[in-house]
Amino acid sequence: QVQLVESGGGLVQAGGSLRVSCAASGLTFTFSRYAMGWFRQVQGKERDFVAAISSSGGSPYYADSVKGRFTISRDNAKNTVYLQMNSLKPEDTAVYYCAADLFGSGSYYPARYQHWGQGTQVTVSS
């Protein structure tokens, strides 16, 4: 089965940068067929869309709250998707999850994704 493992979370001061990664396994040369997304969730709240990218890496798009600060990218040769986070704010503090969608081109809608990682904690101090 598909496994997604996030890494790179941690504690960072406001204004700083962090890059989280999501490594996929179990796809057997099919990672390039999946659109990938990043979501985040605060305890007690709904999981929110952050960014998504198509299987080919084209037309990435972002939530308004992170536009201009975050960049999603992927390396299909490494079966990995990244989220570069710059100019971090305390309100970016959350558990960050990656997700994979075999059938779409990347969506803000969580139900479109078939596979999810375990999440990695990002904490931004003020």
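In the block above lies the structure referred to throughout.
What counts and what doesn't
Residues numbered from 1 in each chain as written. Predicted model: local features only at pLDDT ≥ 70, side-chain atom pairs only at ≥ 80, totals over all residues. Heavy atoms only, no water. Helix = DSSP H or I, 4+ residues; strand = E, 2+ residues; numbered from the N terminus. Rg over C-alpha atoms; globule rule 2.2 N^0.38 Å. Buried < 20%, exposed > 50% of the residue type's maximum accessible area, 1.4 Å probe, protein only. Contact = heavy atoms within 4.5 Å. Pairing = 2+ DSSP bridges. Disulfide = S-S within 2.5 Å.

> Quick one: what's the story with the overall build of the protein chain, residue by residue and with numbers?
When helices and strands are counted, the protein chain shows 0 helices and 11 strands. Listing each helix as α and each strand as β along the protein chain from the N terminus yields β-β-β-β-β-β-β-β-β-β-β. Taken over the C-alpha trace, the protein chain has a radius of gyration of 13 Å; the compact-globule value for 126 residues is 14 Å, and the two agree within 12%. Seen through its principal axes, the protein chain has C-alpha atoms that stretch 40 × 30 × 25 Å. Counting across all 126 residues of the protein chain, residues that qualify as buried make up 44%. For the protein chain, the share of sequence-separated contacts (at least 6 apart) that also reach a separation of at least 24 residues comes to 58%.

> Requested: an account of unusual backbone geometry, with residues and values cited.
At S59, a position not held by glycine, the phi torsion is positive, near 50 degrees. Along the chain, the position of S59 falls in the loop between strand 5 (48-53) and strand 6 (61-62). On the basis of relative accessibility, which here comes to 64%, the residue S59 falls in the exposed class.

> Kindly report on the pairing of strand 5, identifying the contributing residues and their values.
Along strand 5, 5 of the 6 residues are buried, which leaves the element largely enclosed by surrounding structure. Here strand 4 (residues 35-41) pairs with strand 5 via 5 bridges, running antiparallel. When the bridges of strand 5 are listed, G37 appears paired with A52. What sits between strand 4 and strand 5 in their antiparallel hairpin is a turn of 6 residues, with G44 showing a positive phi close to 85 degrees. In this sheet, strand 6 lies alongside strand 5 in antiparallel orientation, the contact comprising 2 bridges. In the sheet register, A51 faces strand 6, and the bridge partner there is Y62.

> Break down the side chain of S21 for me, with residues and values.
If you trace the backbone, S21 turns up in strand 3 (residues 18-25). Sequence-distant contacts of S21, that is, excluding residues within four places in its chain, are made with V5, E6, S7, W38, T80, V81 and Y82.

> Talk me through the environment of S32; I want residue IDs and the actual numbers.
Relative to the helices and strands, S32 is located in the loop between strand 3 and strand 4. The exposure class of S32 is partly exposed, given its relative accessible area of 36%. In sequence terms S32 and S21 are 11 residues apart; their C-alpha atoms lie 16 Å from each other.

> Please provide a residue-by-residue account of the state of the cysteines, values included.
For the coordinates displayed, the defined rule picks out 1 disulfide. In this model, C22 is linked to C98 through a disulfide, with the two sulfur atoms separated by 1.9 Å. Sign of the S-S torsion, about 50 degrees for the bond between C22 and C98, identifies this disulfide as right-handed. With C22 in strand 3 and C98 in strand 9 (residues 94-101), this residue pair connects regions lying 76 residues apart in the sequence. The pair formed by C22 and C98 is uniform in burial state, with each residue classed as buried.

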